[in-house]
Structure formats: C-alpha cells, structure tokens
2 protein chains.
Amino acid sequence: HPILNTTSNDPPNPPIDHRTLAQNHELFLTSQYSPGSPLFLPNGAAIFNKLQAFLRAQYPQFGFTEVVTPTIYKKSLWEVSGHWENYAEDMFSVKGRGASGQTVNSEIGQNEEFGLKPMNCPGHCLLFASKPRSYRELPIRYADFSALHRNEISGALSGLTRVRRFHQDDAHIFCRPIQILDEIKSTLDFVGMVYETFGLGPYKLLLSTRPVDHFMGTVEDWDKAEEQLKLALAHSGREWSINEGDGAFYGPKIDIVLKDSHGKEHQTATIQLDFQLPQRFKLQYQAPLEDLEGAVSPHETSLDSGHARPVIVHRAILGSIERFMALLIEHYAGTYPFWLSPRPAIILSLNQNPDVLAHVNNLQRQLTGNTPRRDADGLPRPQPLDRIPLAIETDTTPRSLGKKIHDAKKMHYNFIIIVGPAEAANGTMKLEMANQPESSRLQTLEALKDILGGKEYNSR
Amino acid sequence: HPILNTTSNDPPNPPIDHRTLAQNHELFLTSQYSPGSPLFLPNGAAIFNKLQAFLRAQYPQFGFTEVVTPTIYKKSLWEVSGHWENYAEDMFSVKGRGASGQTVNSEIGQNEEFGLKPMNCPGHCLLFASKPRSYRELPIRYADFSALHRNEISGALSGLTRVRRFHQDDAHIFCRPIQILDEIKSTLDFVGMVYETFGLGPYKLLLSTRPVDHFMGTVEDWDKAEEQLKLALAHSGREWSINEGDGAFYGPKIDIVLKDSHGKEHQTATIQLDFQLPQRFKLQYQAPLEDLEGAVSPHETSLDSGHARPVIVHRAILGSIERFMALLIEHYAGTYPFWLSPRPAIILSLNQNPDVLAHVNNLQRQLTGNTPRRDADGLPRPQPLDRIPLAIETDTTPRSLGKKIHDAKKMHYNFIIIVGPAEAANGTMKLEMANQPESSRLQTLEALKDILGGKEYNSR
Ligand SMILES: [Zn+2]
Ligand SMILES: [Zn+2]
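Remember, it's a predicted structure, so these values are computed and weren't measured experimentally.

1. Concerning the overall build of chain A
Step number 1: Helix and strand counts for chain A come out as 14 helices and 23 strands.
Step number 2: Restricting to contacts in chain A with at least 6 residues of sequence separation, those with at least 24 account for 72%.
Step number 3: Looking at chain A as shown, the accessible area adds up to about 18,100 Å², and 49% of this sits on carbon and sulfur atoms.

Given below as structure tokens:
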C-alpha cells in the first residue's frame, strides 16, 4: 500500500502566508465589492465544506443537534440580548429599501431597523424559549454554522484572518448548573479529538476567573462553576493555567491557545460560561428540588415557581472556520492530507492516442462518480447520501510526460496517475503512481479506488 | 425484510397545511424578531440538511462544483448587475452602524451602502471573471446554497411558503452558446431524477420564448437558443408546451410546473437563459473560430479580440428549499420516508427494570453512534466523513406499553422498537418492530442496523 501521507514534516520557516499559498491552490478571492467577505472558489469551498462535514459527523456522539437560524433580527432582539447597547460599533444595520415593507397589514415594529447577526446565541435562546422545558430534556445542545458579520475596520481586513463575514462551528449548551462539569469534560474531549485529527498542537488551556469588581450573580455561584471548570481541566490531562480575574462579568471561560508549527500562538477554541443571557431571555426549566436549592440566582423574581435558570455554555472548537482555514493552509504549507486535499489526484495521458484519451476520461468518470447511474429507462439514478465527492482532474495536453509530472508536482496533487497505450489497449487499470515514496503499478480500478477512497483522517 | 415504506398512498384531501403538520414534528418556528425568516428546530434542520446533502451527493455526476459567496455586496455591484435599478423595492439595505467603518485606511467607496443579496448570480460572475477563461474550461458550473433575502411585505409572509430569508439549490452554468443543448438536456435529466426520488409528479415543462417588443441581442441569437431548448425538451420525453413571447427580455426559460397529490400546481424548478448578465459583467472566454462566427452578440465592442461572450444558465431544481420543504411536508402528510424522516425510530421500554433501561440506552447509543470511538488512551476518535447521523429516540417513562406505542404512532415514527426483560437479560438484540405491516423479531443488532441503515431513497 502506498502511504497516503504526502505532506511534509518540515514546513517552511518562517511560514508562507496563507494568501500566497491559497493562490497556488485557487482557494479564494477577495473583492472590492464586499471587503472582508471572502469568495470561496471551488477548491476553497471543498475544504470549507469538508471541515463542516467533519464536525457534522462528530456531533451525534457529543449530543449536538444542528439548527438553522435567521441572518437578521430586529433591533428589539438585540436590545434584549444587550448587543445593541454593547456591540453597536461592530454591527451592520439592515433596512428594507422599498416601500414594500411598510404597508397595510404591518406587524408591530414593522419599520424597525434590523441588525445583521454577529453571533448565534440570541437566536438559540429563542429556540430554547419556544416551549416549556423540563430538567429531563437538559442539556440541550444547538449547533449552528450560520454566516456571521462583524464590521471590522477596512484597514484591518486581511485574507481569511481578519474578515467581516465568517462562519463559526458555533454551539450553545443549555444545561443545569450541576451539569457544567460533564459538559466541559466532554467539550475538552471534543477539542482534543479535533486538534489531533488535524495534527495541530500542542495547545494549552487558560481558565479566566471571576473579575474582582463587576460580576453577575453571587460569589458562591462563581466558585461552584469555577470548581467544575478546574475539575474538567485537571481531567483533560493537558497543560492548563489560570488567568485570575480575567473572566467576563457574565461568566468564567476557558481559552484554547494553540502553538503552530512555527511556534506562533493562536487563540482558536473558546468555552464561555454565561449567567447573563439566560436571565436577559428569561430562560427557565422546570427543576427538581436539588436544582432549586442550589440555584445560580436563587433570588430572581422572574422565575416561575418550581423553575430554575439554565446556564449557557458558548463553545466553538475551530472558532472562525475562515481563520482556522488560514491556520491549516500555513500548517500544511500547500500539501494537504488526502481527505482535505483540494487536489487529491490527477490523471496524465502519456500521449494523444485517442484510446489513451478515452481511457483517461473513463477513469476520471469512474473515480469521481461522474458516470451517472442509470435505470432501465436510461434515466439517471441518485447517488447515495454517504458518497464523498472526489475531484479527479486530468491533463491530456500534447506535452511531454516529464513536463506534465513536473507541473502536477508543483500543484501538489496527492496522487499522480499515468495512463499509456498499454493500459488503454488491454482495458486494464494498470497505473503508474507518482508523488509517492515509491511508484507502484495497480492491476485493477478497485485497487486504486481502495487507496483513494480511504475514509480515515490522515493528519499528515 | 420489513418494508421501509411507511408513508401513506392516500394523503388527506384537502391537504393539511404544512404549518400544522410542522408543529406535530417540531420542524420550525417563526418569530416577531425576524418575520419571514423561519428558525429551524433540530427536526426541521435535519430535513433541510438532508435535502442539501442529497443534492451535494448528485453534483459531481452533473459537473457542478460548490462555491461559498458573500451575503452583502456594495451598491456598486448591484448597479453593475442592474438589481439596484430594477429590484430596489425587494432588497434590504445594509450599513455599518459604528464609526469603525469610516477610518483612515479606507478603501474606495468605504462608506457605500451594501445590499443584502437576493440572488447569487452577481457573485458567481465575479468568480468567473477572476481570471482569463478559455473555451476548454467551459461549461463552468457553480452551485451555491447561500441564504438569500427579499423584502416581501409582511402581510404576505406565511410559514415556509412566503418568506424573506430562504435558500435555493442555486447554480449558474457559464457555457458556450453551442453547449446550451447539452446543458439543458442534462439539467432536465437532473430535474427528473430529483422529482422521482421524492415521489413527486407528474410535472409539465413550459418554454417561454422571445418577447415581441423588447429583447436583447438579435432574433437569430434567440432562434438558435430556443431551437436548442426545444430539442432538449423533446429529448426529455416529458409533456411540454410553449408560452409564446413570455420570456424575459434577457433570455428564454423553462419552468417546471409540478402537480401535487391534491391536483394543485406549483412552479418549482426554473431554467433561465441569460444573455444580459454576461454583458453587464463583461464576461468573455478565449474562443475557437466557430464560436466567434456564431457569437451571440457579434457586434459587441467590449470583447477582446479572439474572445466570445458566454451564456449564463440560472437553474434551481428544488427552487426555494424552504418552499420545497413546505410542499414535501404536505405531500408526505406527516409520514416521511425513512431517509428524510425527522423521527426515524424510537425505542420503548416495556417496564422500568434497571436492566431494561440500561439496554435501551445501550441500543440507542449503538444505533445513533453516540458511543464515542476511543483510542488506547481513552480519547475519542473521530467518526468517518461518510457517517449518516440517525436520530433514535427513547421512551422510558413509567407508562403502559400500549400507551407508549399509541403515542409513538401518533408521532409518526418510522420504526418502533420495543425492549423487554428477556432481551435485557440475555443481552441479545431480540426486538419487536411496530408501525410496520407485520411485527418481526430480530436476533442481532446488525440485522436492525441493516434495516435502519438503508441508504437508498425510498420515496414512499
Ligand atoms: Zn454564543
Ligand atoms: Zn441566478
């Protein structure tokens, strides 16, 4: 078996900027028509979608369910959440342009201004609050890949790292205060699994605790929550430390600080506890006695009798997917692991012989799945849901094989497949593999599919 | 093998409104904070994501590659595309709220107004125009699932059918004029395949041709294009007819008009040719002689020498995914095919015996994949990319089995799995299946997984 790992263990130092590397692979564009909103070309979109698909495949085992929520909300929602007051400078305002939003059957606040969402949390609070909740349903864990917008100053915008439009692998956990420990343990497990998969690390964990002066709730609430975070951190087996008093006024948090292959530190994942949003949105659940006695805010008057306030955990593991992609691009330095590669394989023709060209096309169709399945009437049949698309390109230009191999290597294809007259003539799948520690000849298409179809994640 | 098909062949007539059916399945909410932007709850998001995943699995065989494009573009882009002039009433305007967008290092048009995109086409034109194109690259087919916004009047908003925020299974084909026939043939094949999969139909195809008075380009251009559309329609083997003179001024189109199970007609998919946008965006490709002689607009001066103008085909097969979901919800009348079902299966405990409850949990974890894979160090290992999540619920309340079965049927689970002390005691996977033509007892978990893991699309 040829080794799938073709990425280098020695990335260039200093790293090549992700914008330069992205150009070689045609990953994305920026445009003056939407500064800070990258346009992903097919290769970049393929990586972007693979990252989402990877997380989606993991969500069931960690108990997350995905939701789909609006892009714009009225000012009145952002007033409830506090964003309109505290986040004004960073938000985009949205208004109907025509008169069409201002007609007879208008709802309350019809002509109100909207805000383009910078975060998903308020929307998830609406979902939580949409029906009475019992402690038996908790934790509820909503995941959301929505596009988010923040109005960064234009001078600061850069590639995928400083943007105005981005996506997070965002999620909110609504849980009972006593569930914090298990949720944080599980989230730290998830973080570890993800960073291992990409061959990233080591990283350290930073706990930010209660600020001295200004904080929500009681000292006792904070102590209990921080105790659970410390237990979870100790359980993780990772290096961790405390930033005393550095937490937000609404809750303690854990930051994941990643050291990249060049020694540079990146703050990527965050796990933020929040006592405030549940209060602002008057969230509650019908609680057992133990929760009522140990309630986070026992003196609150806005709770119904027999009800307690859930805690929200905001968590993102990749953080901004765009920024994480920039990090990966530099980390892999242009040579991607097979499963993430925008250029997994190319088929080169040895010459211009029509049989050779036909065989190249045939192979490409079979490997990519571009041969529609047909039913008895000749109509195409759908491909199954678990099909992972594989982009196999071809080079059938009338150039020397040496030149084609040279170019293909420069473009960092994981596999280079060469087809000559012998393969075409006997219709077999005898193939030459290049860009590998050693070349090998495969007798069947199945053998090749087996290599290319590897479903595990090779981080290197 | 129990039959997977549990949906009824006799949907209620008149149909139950999708908003009512959606409530039973907890599919979505609407909120006064964002009228016309549905919030999908986990069950609705699962269907929404399955529909996208289904199309994604088909894209390679039809040559589409996905791209990811901005949500907001400056007014100047919408002026190029013509939307600012012709579509003003329906667009939302976006502006930075703070002073942060107005600082020293400002780009040209820094303080310009943005528009929230109602369509993806202008963004795709930017991608096409991002580098010189040769006829050898064509057709280029960009697919995009972006959220789109149109400012519908609030009085007209309703469930998933009249919305302000929606997603299309949108795509744009940039092709040579002589490629229109093949592209339309292939698109009609794709449409047929999709509608068969959902058990929808019959449908008819409507060709709208050149308007009498006001149209772009030459009569000859239109005749050639319409000729190709007619050939493709004839080739489809479907019922089709002509709406003489009913095309837009910028190109002819084909509408797909679906007759639902209640005889009501729905305009869903559209295939729209466009001679205008390529001109507005000055799109061109380096062309062979035959294209230059038969050029769509041979007299254009803005083309470089040796270059021709591509044609754009706008096409959506589901159309608005939200509206298509509404149609499916009514079509299936609350009983979804297994692969799309938000409630594929539930496990009921026969009693409250701790062994029984443990066995229920164990089964649920195994069937959903909620048992993390662990490596030697006890760390979770990632699930493979091709894993299709399966939401298996449980009912372990202390109620009679009869009552639980009754409730589970009311909630339209495709499979009802019953676990009693016998199964728990001997650790086997002997299970009772309900909600099926006949009950059956399965000896192994594998046998159950085999049934539940069916990857084909059962339309009924
Ligand atoms: Zn949040
Ligand atoms: Zn379009």
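2. Side note on the sheet that holds strand 5 (residues 92-96) of chain B
Step number 1: Strand order in the open sheet formed by six strands is 4(A)-6(A)-5(A)-5(B)-6(B)-4(B), and the pairing between neighbours is antiparallel. Single-partner strands in this sheet number two, and they are strand 4 (72-74) of chain A together with strand 4 (72-74) of chain B. Each adjacent strand pair in this sheet contributes to an overall mean axis angle of 35°, direction not counted.

3. A few points about the interface of chain A and chain B
Step number 1: Each side of the interface is counted separately: chain A has 99 residues, and chain B has 99 residues.
Step number 2: Between chain A and chain B, the buried area comes to about 8,400 Å², and carbon and sulfur atoms account for 58% of it.
Step number 3: A per-residue breakdown of the area chain A buries against chain B is headed by Tyr33, Arg97 and Leu385 of chain A, which together make up 11% of the total.
Step number 4: On the surface where chain A and chain B come into contact, there are two salt bridges.
Step number 5: Residue Glu26 of chain A pairs with Lys131 of chain B through a salt bridge whose shortest N-O separation is 3.1 Å.
Step number 6: Between chain A and chain B we count 18 residue pairs in polar contact (both at pLDDT 80 or more) in total.
Step number 7: Within the side of chain A that touches chain B, the residues separate by chemical class into 46 nonpolar, 32 polar and 21 charged.
Step number 8: Two strands pair when backbone bridges link them, and strand 5 (residues 92-96) of chain A and strand 5 of chain B are joined in this way by five bridges, in the antiparallel orientation. Residue pairing across strands places Lys95 of chain A opposite Ser93 of chain B, the latter belonging to strand 5 of chain B.

4. What to know about the packing of aromatic side chains
Step number 1: Tallied over the entire structure, the rule returns 44 aromatic pairs over all chains.
Step number 2: Both rings, one in Phe64 of chain A and one in Phe190 of chain A, keep their centres 6.3 Å apart while their planes meet at 45°; by these two values the pair is tilted. Linking Phe64 of chain A in the loop between helix 2 (42-62) and strand 3 (65-66) with Phe190 of chain A in helix 6 (residues 180-197), this pair joins segments that are 126 residues apart in sequence.
Step number 3: Through successive ring pairs, a cluster of aromatic residues spans Phe54, Tyr195, Phe198, Tyr203, Phe324 and Trp339 of chain A.
Step number 4: One Lys or Arg, Arg210 of chain A, reaches over the ring of Phe215 of chain A and ends 5.1 Å from the middle of that ring.
Step number 5: In this arrangement the basic side chain of Arg133 of chain B is found over the ring face of Phe128 of chain B, its NZ or CZ atom lying 5.4 Å from the centre.

5. Points about the relation of the copies chain A and chain B
Step number 1: Laying chain A over chain B is done by rotating through 180° and shifting 0.0 Å along the axis; what remains is an RMSD of 0.0 Å. Within this description, the copies of the chain are treated as partners about a two-fold rotation axis.
Step number 2: Comparing interface residues between copies, 100% of those in chain A also lie at the interface in chain B; the contact surface is shared.

Rules and cut-offs
- Residues numbered from 1 in each chain as written.
- Chains lettered and ligands numbered in written order.
- Predicted model: local features only at pLDDT ≥ 70, side-chain atom pairs only at ≥ 80, totals over all residues.
- Heavy atoms only, no water.
- Helix = DSSP H or I, 4+ residues; strand = E, 2+ residues; numbered from the N terminus.
- Contact = heavy atoms within 4.5 Å.
- Areas by Shrake-Rupley, 256 points an atom, 1.4 Å probe, with all protein chains shown as cover.
- Pairing = 2+ DSSP bridges.
- Axes fitted to C-alpha atoms, helices over the stretch in contact; angles between N-to-C directions.
- Buried area = accessible area lost by both parts, 1.4 Å probe.
- Salt bridge = Lys/Arg side-chain N within 4 Å of Asp/Glu carboxyl O.
- Polar contact = N/O pair within 3.5 Å; in protein donor to acceptor, adjacent residues only side chain to side chain.
- Nonpolar A, V, L, I, M, F, W, Y, C, P; charged D, E, K, R; others polar.
- Phe/Tyr/Trp six-rings, centres within 6.5 Å; stacked < 30°, edge-to-face > 60°.
- Lys NZ or Arg CZ within 6 Å of the ring centre and 35° of its normal.
- Least-squares fit on C-alpha atoms with pLDDT ≥ 70 in both.

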